[in-house]
Amino acid sequence: MIYVTRREVFAASHRLYNPKLSEAENFEIYDKCSSPNGHGHNFTLEVMVAGEIDKKTGYLIDLKELKNIIRKYIIDKVDHKHLNFDVEFLRGIIPTAENLAIAFWDQLKDKITNGKLYSVKIYETENNYTEYRGE
Ligand code: NI
């Protein structure tokens, strides 16, 4: 088994807020991340594909192709957007890094042309990241 990873970055805003809870409870849980108008991050997304090497090309998946898949199904939809309002596939989701990783996984899992999606990582800052492996 071989693994190939593509990194992409995007800028987006979000607000961590659960509409089922009071303002006070939201502030208790999310602190300043719940502030009404949201806040921004430069997110880093890492998508890892696993599989066997194609004997003809020596590739698992052509990284140009992986880049294009990630851009089409994720980056073009989330870059410079407000994740609470602007993105169809994030409707009704509290846009934490955890929930973003799962939502991005669901967008990508059937789109990988060679090998299988193995992991989706979302970095909100250099020091914090979340990883989802589909289970
Ligand atoms: Ni945030």
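Use the structure listed above.
Residues numbered from 1 in each chain as written. Predicted model: local features only at pLDDT ≥ 70, side-chain atom pairs only at ≥ 80, totals over all residues. Heavy atoms only, no water.

Engineer: With reference to specific residues and values, describe the overall build of the protein.
Structural biologist: What the protein contains, in helices and strands, is three helices and five strands. For the protein, the N- to C-terminal ordering of α and β elements is β-α-β-α-β-α-β-β. Dimensions of the protein along its principal axes, counting C-alpha atoms only, are 60 × 25 × 25 Å. A fraction of 68% describes how many contacts in the protein between residues 6 or more apart in sequence connect residues 24 or more apart. Of the roughly 8300 Å² of accessible surface on the protein, a fraction of 48% belongs to carbon and sulfur atoms. Distance from the positive charge centre (19 side chains) to the negative charge centre (21 side chains) of the protein: 7 Å. (Helix = DSSP H or I, 4+ residues; strand = E, 2+ residues; numbered from the N terminus. Contact = heavy atoms within 4.5 Å. Areas by Shrake-Rupley, 256 points an atom, 1.4 Å probe, with all protein chains shown as cover. Lys, Arg positive; Asp, Glu negative; His and termini not counted. Charge placed at Lys NZ, Arg CZ, Asp CG, Glu CD.)

Engineer: Can you break down unusual backbone geometry residue by residue, with the values?
Structural biologist: Phi at D31 is positive, roughly 50°, even though this residue is not glycine. With respect to the helices, strands and loops of the structure, D31 is situated in the loop between α1 (23-30) and β2 (39-51). By relative accessible area, D31 is classed as partly exposed at 40%. The phi dihedral of H80 is positive, around 60°, even though this residue is not glycine. On the secondary structure map, H80 appears in the loop between α2 (63-78) and β3 (81-82). (Buried < 20%, exposed > 50% of the residue type's maximum accessible area, 1.4 Å probe, protein only.)

Engineer: Mind laying out the layout of surface pockets, listing which residues take part and the relevant values?
Structural biologist: Considered as a void within the structure, the largest pocket measures approximately 200 Å³ in volume. Residue lining of the largest pocket: 13 residues in total, with Y17, P19, N84, I93 and P95 positioned closest to the centre. Residues that form the lining of the largest pocket fall into these classes: eight nonpolar, four polar and one charged. (1 Å grid on protein atoms, 1.4 Å probe; cavity = no way out; pocket = protein on both sides within 12 Å on 5 of 7 lines; lining within 4 Å. Points joined across faces, edges and corners; volume = space filled by probe spheres on them. Nonpolar A, V, L, I, M, F, W, Y, C, P; charged D, E, K, R; others polar.)

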